[in-house]
Amino acid sequence: MHERTNTHMPLLRAAVLAGAAAFCADIGAVAAEPRLAGAGASFPFPLYATWLKQFARDPAVRATYNSTGARVDYAATSSDAGVQALIAGEVDFAGSDRSIDDDDEAETIERGVVALPMTAGSVVLAYNLPGVEGLRLPRSVYPRIFSGAVSSWSDPEIAAANPGMLLPPQEIVVVVRADPARATDVLTAHLSAVDAGFRRDIGRARAPAWPADAGFIRASLNDGVAAAIARTPGAIGYLDDGYAKLAGWRQVALLENKSGRFVTAGPETGAAALAAVPFPAAELPGGAPDLRAQDRDPGADNAYPITAMTFMLFYATGYTGERAAAVHDLIDYCVSDAAQRQAAGLGYIPLPNVVLSRAREAAGAIQ
């Protein structure tokens, strides 16, 4: 599999999000064979919808990448639902933020599974402190805010990290997701890697048992968390970075990373967090490289610390004829520069070349 170049037509982020729900109906008019079906994670859906629409309809993309004229439908359900659909043989590929674990992989051992990173996203800490811009949060502090151990904005460690800043002497109100969420999983995985107390008391989960006290507010979805922060002076919560940027949220904390630098989320700091992901040395049972990895506390100087990849899962074997060609065409496009350079405009992180080269290599094991 080799890299191919293409002139693409970027789509406005707002237009993509507004039209994403109608994606499958929109490409329904395209008469093409074969037709691939995918299902799974909702987090990458706006980007996947853009890519798949271009793959099916954009003349330049079709001419360069889509040798069979295939179209692809993707149902944004959940990572777990996508994995189960793949296990049941109901789809050609699945989207999953958690990749696939050994138990689920064993259930599909007859055909095998190849997990390919496709894009990534960061989780930011948004706050509501009138007049306070550029808040810095040390790595010794922000995990303990989310465990309830640090409960005041006048905490000495916060003050020391923000000299000259007038922080209000008020209680911190922590806004967390009430619904199971990728953002919660990514956040708690990082906080567990950084702070032993958080790991012991709360731990990594999509729906953890947050402290049951008045200092914690629960809200559903990014919208609900953002609304709760906005109406609560002294609040802090977490949002997907793409959502925060789309909403124009200005009060986003700079976080101290493993190297001791205070950084904000963005394509460059996100890519830096992914550049040294510790991929396993072992192969998957089907012979493909095992790319099921995340770096929960990246060490690069400019790495944004709360960053994680999301994956497409394909069978290792069993695609035949034009369907096999369509699968490889689809992967070729998704890991191409033409597709990846659109990620930042939609709130995602283009994967660095070191990750993309591994994905292309692993895709060669798909038969």
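Everything here concerns the structure above.
> I would appreciate a short explanation of the side chain of Asn 257 in the present structure.
Position of Asn 257 among the secondary structure elements: in the loop between strand E9 (254-256) and strand E10 (262-263). For Asn 257, a relative accessible area of 0% corresponds to the buried category. Among the polar contacts listed, one links the side chain of Asn 257 to the backbone oxygen of Ala 303, at a separation of 3.0 Å. If we ignore the near neighbours within four places in the chain, the residues touching Asn 257 are Arg 139, Val 263, Ala 300, Asp 301, Asn 302, Ala 303 and Pro 305.

> For this particular structure, what's the right way to read the sheet that holds E9?
The pairing of strands in a sheet comes from backbone hydrogen bonds and takes either a parallel or an antiparallel form. Taken together, three strands build an open sheet; the order of strands is E5-E9-E10 and the sheet is mixed. Edge positions in the sheet fall to strand E5 (136-137) and E10, since each of these pairs with one other strand and no more.

> Can you help me understand the packing of aromatic side chains in this one?
For any pair of aromatic rings, geometry is given as the distance between the ring centres together with the angle between the planes. Under the counting rule described, the total for this entry stands at 13 aromatic pairs. Taken together, a centroid distance of 6.3 Å and an interplanar angle of 55 degrees make the contact between Phe 146 and Trp 210 tilted. With a gap of 64 residues between them, Phe 146 in helix H7 (residues 142-147) and Trp 210 in the loop between helix H10 (196-201) and strand E7 (216-219) connect regions that are remote in the sequence. For the residue pair Phe 146 and Trp 210, the accessibility class agrees, reading buried in each case.

> I tried to follow helix H16 (residues 353-363) on my own but got confused; where do I start?
Three- or four-residue spacings in an α-helix give side chains the same orientation, since the helix completes a turn every 3.6 residues. Residues of H16 that are buried include every one of Val 355, Leu 356, Ala 359, Arg 360, Ala 362 and Ala 363, and no others. Buried residues of H16, viewed axially, fall in a sector of 165 degrees; they line one side. Seen from the buried face of H16, the exposed residues on the opposite side, beyond 90 degrees, are Asn 353 and Glu 361.

> Hey, could you run me through unusual backbone geometry in this one?
Comment: phi is negative for the bulk of residues other than glycine, and the bulk of peptide bonds are trans. Although it is not a glycine, Leu 221 adopts a positive phi angle of roughly 65 degrees. Among the structural elements, Leu 221 can be located in helix H11 (residues 221-230).

So, how was this worked out
Residues numbered from 1 in each chain as written. Predicted model: local features only at pLDDT ≥ 70, side-chain atom pairs only at ≥ 80, totals over all residues. Heavy atoms only, no water. Helix = DSSP H or I, 4+ residues; strand = E, 2+ residues; numbered from the N terminus. Buried < 20%, exposed > 50% of the residue type's maximum accessible area, 1.4 Å probe, protein only. Polar contact = N/O pair within 3.5 Å; in protein donor to acceptor, adjacent residues only side chain to side chain. Contact = heavy atoms within 4.5 Å. Pairing = 2+ DSSP bridges. Phe/Tyr/Trp six-rings, centres within 6.5 Å; stacked < 30°, edge-to-face > 60°. Arc of directions from axis to C-beta.

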